[in-house]
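# Examining the three-dimensional arrangement
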Amino acid sequence: MTFVPQPPTAATAPIWAIEPDRVAPSWRGPLPRYGDPIWLLPPLDDNPAGRAHRIVWDGYPDVLREEFRLLVWLLINRRLPDAFLAGRAPSWRSRPSYAGIYHTHLAWLRLAKWLARRGTTTLRACQADVFDAYFDDAIRPRGLDRTQVHNELAAFTRLWALDATSPCPAGVGEPPWAHDDDEYVPSARPGGANTTEPIAPATIGPLLVWSLRLVEDFAADILAATEAHQRLLARAAHASATPESRDRVESYLARLAADGQPLPTRARTAGAPTLATTYISALTDATEHQVQRACQKAPWPTYLRNHPGTSPLPVEITAQVDRQPWTDGIDFHDIADLRRHLATAAFVVIAYLTGMRPAEALSLPHGCCTPSADGPALLHARTFKTTTGTDGTHDPSGRRRETPWVAIPTDAVRVLESMAPSGSLLFDAAHHTQRRHHSRPKALTVEAMRERLAAYADWINTVATRLGRPHERVPPDPHGPLTPRRLRRTLAWHIARRPGGLVALAVQYGHLRTALSAGYASRSRGGIHDLLDIETARATADTLARLHDDLATGAGISGPAAARAIRSASHGPAFAGVLHTSRQARELLAKSVPGRPRQPARLSPVRLRQRQGPVPSHRSPPRCTATRRLRTAVRQHCPHRPTRPHPHRTRRDAGTPSRLAPHPATAGRTPAPPSTTPPRHRRPASP
């Protein structure tokens, strides 16, 4: 039996896989029909840098294909009822986003294949016990994290809900996790750490140096060579075949042979170089066919094998690196690669120095950088990730970012504007690739930029070696390949580790809570591992050295971590001044883990007694909801909350209160005797 959804109105014919009201405003291409073997999903998305997802129905088992076809149609075109959403988490939406639709389809596809292997021929057999068995057989062994498991289970909950509202319900049962999935999802990561690794300093350093060098210095030469390349292509395209043009080709070849110069060729990755017919055609105003015919005659085939050469463009090289030209010349056939590397360098500069999401940077329009009257230029971008419409569902067209980015990389924007015409995108695929898109304006995708980053790093290493600058090579990152997402993550780590960095990061990245920014810059998974190890170890060595000196002069140490601090202080002199490598840092951190140094007296929540010794902590449960909220806010702002060592104090710390200057309002007064009331329950003294 073939399941066909009922059209909204009797006039809807034929039935489209994507109804017209769901099509993004910028889409100008065709729409898939309900019965097509492939459903193209880009009509749902208005993000120029979004991936072109599609649903291939041949992947579904034959016995279950039509049932799932109807459910996917409902997933795309229908909303979940309000009665279903009532009482559920705010993350639930009546309709998923473009990416959510595709990933929900993938989850259903895995379920369909699993059911087919079990011999199931209808979704009516998919009840609670079957969902339980599928979780044990196909979800738990995959080792997914909490978010991935939650999304997978939510996809099957949505399957049950959509089937219940279907015009032809298949009878899917309610999953056992439909109302509470805590028993199925693994525990959350400590501290909410972002799983994306920052780029190591040894890698991001030369990558950024060369990117700025290309954008600020090499761009003029590359753009001038691009114009010369375009002029030669135009001349070759308008050349006509005449006896005079044939004679010009023969005269050109004869002059090269008489002077012993090589023939212009095009280098190939494999095999012998080939004749640069387009280049010679432009120089001689002859057609490419005439050039080929002339070079096929003797003695030119043999001369070509023995004298292959380059195809230099008539461009003067002006950029230098340490007073030497960065290249001897730009080849006619290298323009495409150089333009690609220049665009990649501009992306690195923009994405890293602003912290934009990759899709936002790739979707920047021409003219997005505007000057400011009283400050730096501003960069206006559109955000797509968390945009919602008036109905609470994801808005595929995105929205303009309320707070514009500070356009530190203005040169990168200007370079991209010179590579794409006005009215287009800065990373318009029509001008940065050989493909032409007619359905709508299309930018380079994040996946394409990831491939370009790898090729760009290889090109940097080649140029650095040729210029005798091995110290500026881009070494492989120890934590994986370079990806656009890691640029944003790396900048977040550097911002958050500065004073007040979490607040600055939340403003820069548009986060609603500093806890989310702390996740971007979390150190629980190592952060920028080698650099953090060295910096942490140096700070630890300084603390150990001070403790060792205090012990040597007869000072006492008190507090819950006093014994551990005394043991750790014995390692201080061994590491004084020798922490230069990550191995030494890890060795110190493994041997010496002193307690948390005591905070200054004015900031410490624990009151010092006049005698030495451990100070008991006066802890009491919060007395009201406001207190609990205040505690929660403070803990969200503290990136070290998961592991907080006990404090220790020295006599230097104990003497700090007596050395503090009195407040002007209390100068000259007789100090009151110490109170025995715990600090939390003490009322402030009246002036």
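Scroll up to find the structure.
Notes on the structure in this doc start here. (Residues numbered from 1 in each chain as written. Predicted model: local features only at pLDDT ≥ 70, side-chain atom pairs only at ≥ 80, totals over all residues. Heavy atoms only, no water.)

## Overview of a nonpolar patch on the surface
A cluster of nonpolar residues, Ile38, Leu40 and Val56, forms a patch on the protein surface that exposes about 210 Å² of accessible area. Mapped onto the elements, isoleucine 38 comes out in strand β1 (residues 38-40). Looking at isoleucine 38, the relative accessible area reads 33%, which means it is partly exposed. (Patch = residues over 30% accessible without salt bridge, like charges linked within 9 Å, V, L, I, M, F, W, Y side chains within 5 Å. Areas by Shrake-Rupley, 256 points an atom, 1.4 Å probe, with all protein chains shown as cover. Salt bridge = Lys/Arg side-chain N within 4 Å of Asp/Glu carboxyl O. Helix = DSSP H or I, 4+ residues; strand = E, 2+ residues; numbered from the N terminus. Buried < 20%, exposed > 50% of the residue type's maximum accessible area, 1.4 Å probe, protein only.)

## Focus: the sheet that holds strand β3 (residues 263-266)
Spatial ordering of the open sheet is given by β4-β3-β5, a layout of three strands whose pairing is mixed. Each edge of the open sheet carries a strand with a single partner, namely β4 (274-275) and β5 (308-309). Relative to β4, β3 is paired through two bridges, and the arrangement is antiparallel. Paired with threonine 265 across the bridge in β4 is leucine 275. (Pairing = 2+ DSSP bridges.)

## Structural notes on the pattern of salt bridges
In total, this model carries 17 salt bridges according to the counting rule given. One salt bridge in this structure joins arginine 235 and aspartate 285, with 3.0 Å as the shortest N-O distance. Within this pair, whereas arginine 235 is found in helix α6 (residues 201-237), its partner aspartate 285 is found in the loop between α8 (277-284) and α9 (288-295), the two being separated by 50 residues in sequence. A relative accessible area of 31% places aspartate 285 in the partly exposed class. Taking the shortest distance from any N to any O, the salt bridge between arginine 469 and aspartate 322 comes out at 2.4 Å. Linking arginine 469 in the loop between α15 (446-466) and α16 (484-496) with aspartate 322 in the loop between β6 (320-321) and β7 (324-325), this pair joins segments that are 147 residues apart in sequence.

## Notes on the environment of alanine 420
By the secondary structure assignment, alanine 420 is in the loop between α13 (410-419) and α14 (429-432). Given a relative accessible area of 5%, alanine 420 falls into the buried group. Expressed as a C-alpha distance, the spacing of alanine 420 and histidine 432, which sit 12 residues apart in the sequence, is 8.4 Å. Setting aside chain neighbours within four positions, we find alanine 420 in contact with His366, Leu425 and Leu426. (Contact = heavy atoms within 4.5 Å.)

## Section: the packing of aromatic side chains
Both the distance between ring centres and the angle between the ring planes are used here to describe each pair of aromatic rings. Overall, the coordinates contain 21 aromatic pairs when judged by the stated rule. With a centroid separation of 6.5 Å and 45° between ring planes, the pair formed by phenylalanine 68 and tryptophan 108 is classed as tilted. A residue pair is termed long-range when its members are at least 10 positions apart, and phenylalanine 68 in helix α1 (residues 65-77) and tryptophan 108 in helix α3 (residues 98-117) qualify at 40 residues. In this pair, the class of phenylalanine 68 matches that of tryptophan 108, namely buried. (Phe/Tyr/Trp six-rings, centres within 6.5 Å; stacked < 30°, edge-to-face > 60°.)

## So, helix α7 (residues 243-259)
With 17 residues, α7 extends 25 Å from end C-alpha to end C-alpha; this agrees with the ideal 24 Å at 1.5 Å per step. Taken as a whole, α7 has its buried residues at Ser245, Val249, Tyr252, Leu253 and Leu256. The buried residues of α7 occupy an angular sector of 90° when the element is viewed end-on, so they sit on one face. A positive phi of about 70° marks glycine 260, the residue just after α7. (Expected span 1.5 Å × (residues − 1). Arc of directions from axis to C-beta.)

## As for the packing of α3 against helix α5 (residues 146-164)
What describes two packed helices is the angle between their axes and the distance between those same axes. Between α3 and α5, whose axes approach to 9 Å, the crossing angle comes to 85°. In terms of axis orientation, α3 runs roughly perpendicular to α5. On α5, the residues that touch Thr104, Ala107, Trp108, Arg110 and Leu111 of α3 are Glu152, Ala155, Phe156, Arg158, Leu159 and Leu162. Its residues assigned to classes, the contact of α3 with α5 comprises seven nonpolar, one polar and three charged. (Axes fitted to C-alpha atoms, helices over the stretch in contact; angles between N-to-C directions. Parallel < 35°, antiparallel > 145°, perpendicular 65-115°, else oblique. Nonpolar A, V, L, I, M, F, W, Y, C, P; charged D, E, K, R; others polar.)

## With respect to the side chain of asparagine 47
In this structure, asparagine 47 sits in the loop between β1 and β2 (54-56). A relative accessible area of 9% means that asparagine 47 is categorised as buried. A distance of 3.0 Å separates a polar atom in the side chain of asparagine 47 from the backbone nitrogen of alanine 49. (Polar contact = N/O pair within 3.5 Å; in protein donor to acceptor, adjacent residues only side chain to side chain.)

## Here we look at the packing of α7 against α8
Running from N to C, α7 and α8 cross one another at 110°; their axes reach a closest spacing of 10 Å. Relative to α8, the element α7 lies roughly perpendicular. Residue-level inspection shows Arg248, Val249 and Tyr252 of α7 in contact with α8, the latter providing Ile280, Leu283 and Thr284. Across the contact of α7 with α8, the residue classes tally to four nonpolar, one polar and one charged.

## Here's the deal with the side chain of glutamate 360
In this fold, glutamate 360 is placed in helix α12 (residues 358-362). The exposure class of glutamate 360 is buried, given its relative accessible area of 3%. For glutamate 360, the residues in contact, after removing those within four places along its chain, are Arg382, Thr383, Phe384 and Trp405.

## Side note on the pairing of strand β9 (residues 375-379)
Two strands pair when backbone bridges link them, and strand β8 (residues 369-372) and β9 are joined in this way by three bridges, in the antiparallel orientation. Paired with cysteine 369 across the two strands is leucine 379, which belongs to β9. Between β8 and β9, which follow one another and run antiparallel, lie two residues. Relative to strand β12 (residues 405-406), β9 runs antiparallel, the two being bridged by two bridges. Opposite leucine 378, over in β12, you have valine 406 as the bridge partner.

## Some details on the nonpolar core
Across soluble globular proteins, you tend to see nonpolar side chains buried next to one another. With 73 residues, the main nonpolar core has Trp210, Trp326, Ile350 and Leu379 as its most contacted residues. The set of elements that each furnish at least two residues to this core consists of α6, α8, α11 (335-354), α12, β9, α13, α15 and α16. In terms of residues, this core owes the most to one element, α6, which gives 13 residues. If sequence neighbours within four positions are ignored, isoleucine 350 has contacts with Gly355, Met356, Ala361, Leu364, Leu379, Pro409, Ala412, Val413 and Leu416. Within the second largest apolar cluster, 56 residues are counted, among which are Leu74, Leu75, Phe84 and Phe131. (Core = buried A, V, L, I, M, F, W, Y, C linked by side-chain atoms within 4.5 Å.)

Taken by themselves, the reported measurements are silent on function.
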